[in-house]
Amino acid sequence: MSGGVRPCTLVVCRGCCCGDRRKHPGFDHEGQLAVLRAAAAGSGGRFAVRTSDCLGPCGQANVVVVQPSGAGRLAGGRPVWVGFATDDASTDDLVRWAAAGGPGLAEPPLTLELQFVPAPREAQDRARR
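The shown structure was predicted, so the numbers you read here are calculated from the model rather than taken from an experiment.

### Regarding the overall build of the protein chain
Part 1 of the argument: If you tally the helices and strands in the protein chain, you get 5 helices and 4 strands.
Part 2 of the argument: Going from N to C terminus, the protein chain has its helices and strands arranged as β-α-β-β-α-β-α-α-α.
Part 3 of the argument: Relative to its length of 129 residues, the protein chain is compact, with a C-alpha radius of gyration of 14 Å against a globular reference of 14 Å.
Part 4 of the argument: Dimensions of the protein chain, computed from C-alpha atoms along their principal axes, come out at roughly 40 × 35 × 25 Å.
Part 5 of the argument: Within the protein chain, the fraction of its 129 residues that count as buried is 44%.
Part 6 of the argument: Sequence-distant contacts, at least 24 apart, represent 67% of the contacts inside the protein chain between residues at least 6 apart.
Part 7 of the argument: In the protein chain, 15 positive and 12 negative side-chain charges are present, and the distance between their average locations comes to 8 Å.

Right, dumping it as structure tokens:
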């Protein structure tokens, strides 16, 4: 991060269902997180990655919340919840969108838009406060 400006952040769920080999045995959850972290490290601070405990919509695991950067929020961007992120294509789409600026600054890849899911009610309530 340069100058204290908050970058776009990918919040990767790694709670009860997301990242669980039993739920998605054919997907390399650790590998996905490694790819996201490596891309963020090589992005020159354009985006960051962090993990979170259960984010809520377990039936749509793996969930990633794309939080807008400070500039993206000023431009009207709001957090976007992406579900079913269990393949290399969606991981690549997340990296491309975050590197391009994320919500408020860049349009998401069309294929990623198909994976948008509503935020759980608790998250919607927190956002209104």
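### Focus on the nonpolar core
Part 1 of the argument: Core analysis: the largest hydrophobic core is formed by 19 residues, its most contacted members being Leu10, Phe47, Val49, Val66 and Leu94.
Part 2 of the argument: If you list the elements that add at least two residues to this core, you get β1 (8–13), α1 (29–41), β2 (47–52), β3 (64–67), β4 (80–82) and α3 (88–100).
Part 3 of the argument: It is α3 that contributes the most residues to this core, 4 residues altogether.
Part 4 of the argument: With sequence-adjacent residues up to four places away left out, Phe47 is seen in contact with Pro7, Cys8, Leu10, Leu36, Ala39, Ala40, Val95, Ala98 and Ala99.
Part 5 of the argument: Grouped together as the second largest cluster of nonpolar side chains are 11 residues, Cys17, Val63, Val117 and Ala119 included.

Conventions and cut-offs
- Residues numbered from 1 in each chain as written.
- Predicted model: local features only at pLDDT ≥ 70, side-chain atom pairs only at ≥ 80, totals over all residues.
- Heavy atoms only, no water.
- Helix = DSSP H or I, 4+ residues; strand = E, 2+ residues; numbered from the N terminus.
- Rg over C-alpha atoms; globule rule 2.2 N^0.38 Å.
- Buried < 20%, exposed > 50% of the residue type's maximum accessible area, 1.4 Å probe, protein only.
- Contact = heavy atoms within 4.5 Å.
- Lys, Arg positive; Asp, Glu negative; His and termini not counted.
- Charge placed at Lys NZ, Arg CZ, Asp CG, Glu CD.
- Core = buried A, V, L, I, M, F, W, Y, C linked by side-chain atoms within 4.5 Å.

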